[in-house]
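# Working through the structure, step by step
Here is how the chains run, residue by residue.
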Amino acid sequence: MTAMDPILRPSGSRAVLIDGKAAAARVDAAAREGALALAERLGRKPCLAVVLVGEDPASQVYVRNKIRRTESAEMTSREHRLPASVSQDEVLALVARLNADAHVDGILVQLPLPAGLDATRVVQAIDPAKDVDGLTAASAGALVLGAPGLRPCTPSGCVYLAREALGELSGRHAVVIGRSILVGKPAALLFLQADCTVTLAHSRTRDLPALARQADILVAAAGRPGMVGVDWIKPGATVIDVGINRVDGPDGSSRLVGDVDFEGALATAGYITPVPGGVGPMTIAMLLVNTLAAAARRAGLDLPEPAARMLTS
Ligand code: NAD
């Protein structure tokens, strides 16, 4: 039995859809409950500061969504907008101010930063205790060590959805395609921490289809539309599609697709995340849980249930 509710199986297909939107709504609700409980202990709401530099339209949409969901979860969000012409020192000075602000629990710098700014330096300047994206060297080190720390949101969402579908992950073979700092590498480490046997594949991997076919859990995070064909999937495997790719249709319209040939995969996979509506919504859900966890840890408190159960490691 799995924890999934409701089970959605498109007609004529073998695969069950993993409903990321519904899962994210449950995590958001747990975060909200946790935020209300924590606010009583802290005497204020948990607070997320979001830094947006420049006018990138996609980043503006992401930031708007993050702020909306943070506020729906009864947390305070502070938006700090800087023009694309801002200097590196000015961005670093803002991060330093947010690090020092006792009322800020989480800091998120929306990436990518405009050309001319060094995103690595900016991200590494964030206090690890407030690193709700889990991207600082300290957070990455804690993940490698299996020590407490804030984990990257999208990979946490992948593990969460795999658990929703399969329950216990121990002993399963997870093949992760993609080795980025943001997704692939931390996803591999999180599945390892969940006691999976993990293979991390990338653009230089030989005979990737044969390797992918060995996976009980196949995580596709390459950013290549439709790359994972039906012949890459072991019958019954759980497929977590992280890819978000915009492709143009013949009529000039565009749509979002994942890295998996979704229609083909429906015939073979046991469980599969759709794009959109799979991993995507989980990223912000995990950001909310991380903000709550940061607020609790900074105050020396335990993260309240049920939010604590939402943490994947
Ligand atoms: P990236 O470009 O930084 O990394 C891609 C990785 O895929 C690289 O490690 C590369 O080695 C590997 N790769 C590329 N082509 C390959 C191939 N042909 N065969 C095997 N491996 C290959 O991208 P990223 O930031 O890790 O993002 C990956 C995808 O996930 C993108 O589509 C991105 O939009 C999406 N994404 C989604 C979310 C979400 O919330 N759902 C969050 C972050 C990223």
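Whatever comes next refers back to the structure up there.
A brief look at the structure comes next. (Residues numbered from 1 in each chain as written. Predicted model: local features only at pLDDT ≥ 70, side-chain atom pairs only at ≥ 80, totals over all residues. Heavy atoms only, no water.)

### Considerations on the overall build of the protein
Basically, it comes down to this: Here a helix means four or more residues in a row that DSSP labels H or I, a strand means two or more in a row labelled E, and each is numbered from the N terminus. Only C-alpha atoms enter the radius of gyration; for comparison, a globular chain is expected to reach 2.2 Å times N to the power 0.38, where N is the number of residues. The cut-offs for exposure are 20% and 50% of the maximum accessible area for each residue type, with area from a 1.4 Å probe on protein chains only; residues under the lower value are buried, those over the upper are exposed, and the others partly exposed. Pairs of residues are marked as contacts when any of their non-hydrogen atoms sit within 4.5 Å.
When you go through the protein residue by residue, the secondary structure sums to 11 helices and 11 strands. For the protein, the C-alpha radius of gyration of 19 Å lies close to 20 Å, the compact-globule estimate for 313 residues. Seen through its principal axes, the protein has C-alpha atoms that stretch 55 × 40 × 35 Å. Within the span of the protein, comprising 313 residues, buried residues form 52% of the whole. A separation of at least 24 residues holds for 67% of the contacts in the protein among residues at least 6 apart in sequence.

### A closer look at the side chain of Ser77
Rules: Under this definition, polar contacts are N or O atom pairs within 3.5 Å; protein pairs additionally need one hydrogen-donor-capable and one acceptor-capable atom, and for neighbouring residues in sequence, both atoms have to be side-chain atoms.
Along the polypeptide, Ser77 turns up in strand β3 (residues 76-82). Among the polar contacts made by the side chain of Ser77, one reaches the side chain of Glu71 at a distance of 2.9 Å. Every residue in contact with Ser77, bar those within four places of it in the chain, is listed here: Leu48, Ile67, Thr70 and Glu71.

### Concerning the pattern of salt bridges
In a structure, side chains of opposite charge can pair up when their charged atoms sit close to one another. The cut-off we apply is this: A carboxyl oxygen of Asp or Glu within 4 Å of a side-chain nitrogen of Lys or Arg is what we treat as a salt bridge.
Inspection of the entire model under this criterion finds 10 salt bridges. With a shortest N-O distance of 2.6 Å, Arg298 and Asp105 are connected by a salt bridge. Of this pair, Arg298 sits in helix α10 (residues 279-298) while Asp105 is found in the loop between α3 (88-100) and β4 (106-109), placing the two residues 193 residues apart along the sequence. For the salt bridge of Glu305 with Arg309, the shortest nitrogen-to-oxygen distance reads 3.2 Å. Residue Arg309 is classed as exposed on the basis of its relative accessible area of 57%. When salt bridges that share partners are traced, they join Arg32, Lys45 and Glu74 into one network.

### Examining the site of the ligand
The condition that has to hold: One heavy atom within 4 Å of a molecule or strand makes the whole residue count as near it. A 1.4 Å probe and the Shrake-Rupley method give the accessible areas. Residues count as covered only by the protein chains that appear here. Polar here means any residue outside two lists: the nonpolar Ala, Val, Leu, Ile, Met, Phe, Trp, Tyr, Cys and Pro, and the charged Asp, Glu, Lys and Arg; Gly therefore counts as polar.
With respect to spatial proximity, 22 residues lie near the ligand, and among them Arg179, Ser180, Val242, Ile244 and Thr283 are the closest. Measuring from an oxygen atom of the ligand, one finds a side-chain N or O atom of Ser180 at 2.5 Å. Residue Thr283 places a side-chain N or O atom 2.8 Å away from an oxygen atom belonging to the ligand. In isolation the ligand exposes 860 Å². Once the protein is present, 72% of that is buried. Here the shell around the ligand gets 3 residues from one element, more than from any other, and that element is α10. Here the residues of the shell around the ligand sort into 10 nonpolar, 10 polar and 2 charged.

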